[in-house]
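Structural features, examined
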Amino acid sequence: MPAVSLQLPLLQNWSCHNCGGCCRQHAISITEEERDRILAQNWTPESGIPAGQELIREERSWLGKPHLQLAHQPDGACVFLNEQGLCRIHAKYGEPAKPLACRIYPYAFHPSGKELTVSLRFSCPSVADNLGRPVAQQKKDLKELAAQVLPANYRGAEPPKLTNRIRLNWPDTQRVTAALDESFCDSTTPVALQLLRILFWLDLVGQAKFDIITGERLDELLGLLREASVAEVPEIPAERLPPSSISLSQFRLLAGQYARKDTEGTIDLSWRGRWRQMRYAMQLASGKETLPPLQPGLKPLPFTALDADFGPLPPESTEMLRRYYRVKIQGLHFCGAGYYHIPVIEGFQSLALVFPVVLWLARWLAASDSRTTWTHADLREALTLVDHQHGYSPILGMWGARRRVKNLVATGDLQKLIGRFA
Ligand code: SF4
């Protein structure tokens, strides 16, 4: 196994609280070696697996590539999840006997120079609520896991591009990501205002001449641009200008993609199911009639129900969102290998869009419960939905979704959406 040096998130805690959510929501891909190991474990009705129950099946990716997956129970849960919400493999043979994908979740490892940087998936409620041991104290276990993820001959990877045309070296890329991270340090500035200021200075960074600006000169430039952003964007605009109707339509389509949470138990690949999804997309695009019921907690309300003022963000939700941004930036979970191989600036713009999407979905959750104020539970539920998809739904990495985000940026409507829902 290769020796691995890790950069760990500074603010994040996590331990598994056995909610079983990940074992219900994810399709677990396994290797041939893991298949052989599981089949040799001799699962019988006495150990809780009904006779004739399929354990492993071969699936095809949307590109037609075959791969092995753990089978599911009729309700969509993993075949090894027991009635108490615990893993049978873990209970019988210990944690190291589980498939690697199960052992890694909710962690994600991404190249950062010669090291790996560690991020977490906020689709796990314990991550969103910062529950458990500090991640910084889990270095030994994480190093062991990371060594299993890396190819034996790993010697580092290329840095993510800054824009489609510019690729900086690792130290300069890390200067830009450190400036992004520092921009969220001040806990007295609203997250929405921090996002608006970053979008301002990051746009100018994309226009710089990097053949002459590197090293300390880049640090100076980033410092000056960040200062300028405070002067140019002193506050969230009091007058909340509405985005254009085309931008609102594109926003709702993107938000609808984030709100889908297809599991083995709920996905419907029949023509009827596909037609229903198409109809839902048309409803979202038009913004007329009612919101489509994308899942049980999101009811078919009038679109106007989400325009009301749902009150200020609860302080714990502000802390969660600020921590979300810092963990994703420190873990390079928004660009390059951590996000569809998209450049840093475009990746941050998609990450900024998460803010209005989460607030829009939290309003929908609250309104679906007949409330006119939101709670931290609404915002946490919305963030877990969104981060289940962000960087993992193939559709969000495709040309159409990327084009929509670029249009929102080009028209300045991304900023209006952040201000509108803040
Ligand atoms: S193998 Fe165990 S940990 Fe992995 S999804 Fe199934 S029940 Fe969950």
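Residues numbered from 1 in each chain as written. Predicted model: local features only at pLDDT ≥ 70, side-chain atom pairs only at ≥ 80, totals over all residues. Heavy atoms only, no water.

**Quick word on the pattern of salt bridges**
Enumeration over the complete set of coordinates arrives at 20 salt bridges. Among the ionic pairs, Asp 387 bridges to Lys 328, the shortest N-O distance being 2.9 Å. Of this pair, Asp 387 sits in helix H14 (residues 376-389) while Lys 328 is found in helix H12 (residues 315-330), placing the two residues 59 residues apart along the sequence. For Asp 387, a relative accessible area of 0% translates into the label buried. Close ionic contact of Arg 371 with Asp 378 constitutes a salt bridge, the shortest N to O distance being 2.8 Å. A residue is classified by how much of its surface remains accessible, and Arg 371, at 23% relative accessible area, is partly exposed. When salt bridges that share partners are traced, they join Glu 54, Arg 57 and Glu 59 into one network. (Salt bridge = Lys/Arg side-chain N within 4 Å of Asp/Glu carboxyl O. Helix = DSSP H or I, 4+ residues; strand = E, 2+ residues; numbered from the N terminus. Buried < 20%, exposed > 50% of the residue type's maximum accessible area, 1.4 Å probe, protein only.)

**A short note on the packing of H12 against helix H13 (residues 344-368)**
Two elements in contact, H12 and H13, have axes whose closest approach is 12 Å; the angle formed by their N-to-C orientations is 160°. What the angle tells us is that H12 and H13 run roughly antiparallel. With respect to the hand of their crossing, H12 and H13 are arranged in right-handed fashion. Residue-level inspection shows Leu 321, Tyr 324, Tyr 325, Lys 328 and Ile 329 of H12 in contact with H13, the latter providing Phe 348, Leu 351, Ala 352, Val 354, Phe 355, Val 358 and Leu 359. The residue inventory of the contact of H12 with H13, partitioned by class, reads eleven nonpolar, no polar and one charged. (Axes fitted to C-alpha atoms, helices over the stretch in contact; angles between N-to-C directions. Parallel < 35°, antiparallel > 145°, perpendicular 65-115°, else oblique. Left-handed = near helix turned anticlockwise from the far one by under 90°. Contact = heavy atoms within 4.5 Å. Nonpolar A, V, L, I, M, F, W, Y, C, P; charged D, E, K, R; others polar.)

**Focus: the nonpolar core**
Counting residues in hydrophobic clusters, the biggest one holds 108 residues, and the most contacted among them are Phe 109, Phe 348 and Trp 360. A total of 18 residues in this core trace back to one element, the largest contributor, which is H13. Structurally, this core is a two-domain feature, drawing no fewer than three residues from each of domain 1 (6-40 + 51-149) and domain 2 (159-422). In contact with Phe 109, other than residues within four places in its own chain, are Leu 6, Ile 104, Leu 116, Thr 117, Val 118, Leu 142, Leu 145, Ala 146 and Val 149. Trp 43, Ile 56, Cys 78 and Ala 97 belong to the second largest nonpolar core, which has 16 residues in total. (Core = buried A, V, L, I, M, F, W, Y, C linked by side-chain atoms within 4.5 Å. Domains from an automatic or database assignment.)

**Concerning the site of the ligand**
Around the ligand, a shell composed of Cys 23, Ile 28, Leu 70, Cys 78, Phe 80, Leu 81, Cys 87, Lys 98 and Cys 102 is seen. The residue inventory of the shell around the ligand, partitioned by class, reads eight nonpolar, no polar and one charged. (Near = heavy atom within 4 Å.)

**Section: the environment of Trp 364**
Summarising the element assignment, Trp 364 is placed in helix H13. The buried category is assigned to Trp 364, whose relative accessible area is 0%. C-alpha of Trp 364 to C-alpha of Leu 55: the two residues are 309 residues apart in sequence and 38 Å apart in space. Leave out the neighbours within four places in its chain, and Trp 364 touches Leu 291, Pro 292, Leu 294, Leu 298, Lys 299, Leu 301 and Leu 306.

**Some remarks on the sheet that holds strand E6 (residues 115-120)**
Consider a sheet: its strands pair through backbone hydrogen bonds, and that pairing is either parallel or antiparallel. Taken in spatial order, the three strands line up as E1-E6-E5 in an open sheet, and their pairing is mixed. Only two strands of the sheet have a single neighbouring strand rather than two, namely strand E1 (6-7) and strand E5 (107-112). Of the pairings in the sheet, the one linking E1 to E6 comprises two bridges and is parallel in character. Looking across to E6, one finds that Leu 6 is bridged to Leu 116. Against the sheet, helix H6 (residues 139-149) engages E1, E5 and E6, with an angle of about 70° to E5. (Pairing = 2+ DSSP bridges.)

**A closer look at the sheet that holds strand E2 (residues 29-30)**
Spatially, E2-E4-E3 is the arrangement adopted by the three strands of the open sheet, whose pairing is antiparallel. Each end of this open sheet is capped by a strand with a single partner; those strands are E2 and strand E3 (56-60). Alignment of E2 against strand E4 (residues 66-70), held across two bridges, turns out to be antiparallel. Within E4, the residue paired with Ser 29 across the bridge is Gln 69.

**Considerations on the environment of Arg 260**
Looking at where Arg 260 falls in the secondary structure, it is placed in the loop between helix H10 (245-259) and helix H11 (271-286). When neighbours within four sequence positions are excluded, Arg 260 is seen to be in contact with Gln 277, Gln 295 and Gln 389.

**Some remarks on the packing of aromatic side chains**
Summed over the entire model, instances satisfying the criterion amount to twelve aromatic pairs. For the ring pair Phe 184 and Tyr 325, a centre distance of 5.2 Å and an interplane angle of 5° mean the geometry is stacked. Remark: Tyr 325 occurs in helix H12 and Phe 184 occurs in the loop between helix H7 (170-182) and helix H8 (191-205); sequence separation between them is 141 residues. In this structure, Phe 184 and Tyr 325 share a single accessibility class: buried. Aromatic ring contacts, followed pair by pair, group Phe 122, Phe 184, Tyr 324 and Tyr 325 into a single cluster. The lysine or arginine in question, Lys 92, covers the ring of Trp 43, its NZ or CZ lying 4.8 Å from the ring centre. Just above the ring of Tyr 392 sits the side chain of Arg 121; from NZ or CZ to the centre is 3.4 Å. (Phe/Tyr/Trp six-rings, centres within 6.5 Å; stacked < 30°, edge-to-face > 60°. Lys NZ or Arg CZ within 6 Å of the ring centre and 35° of its normal.)

Keep in mind that these numbers describe shape and distance, not what the molecule does.
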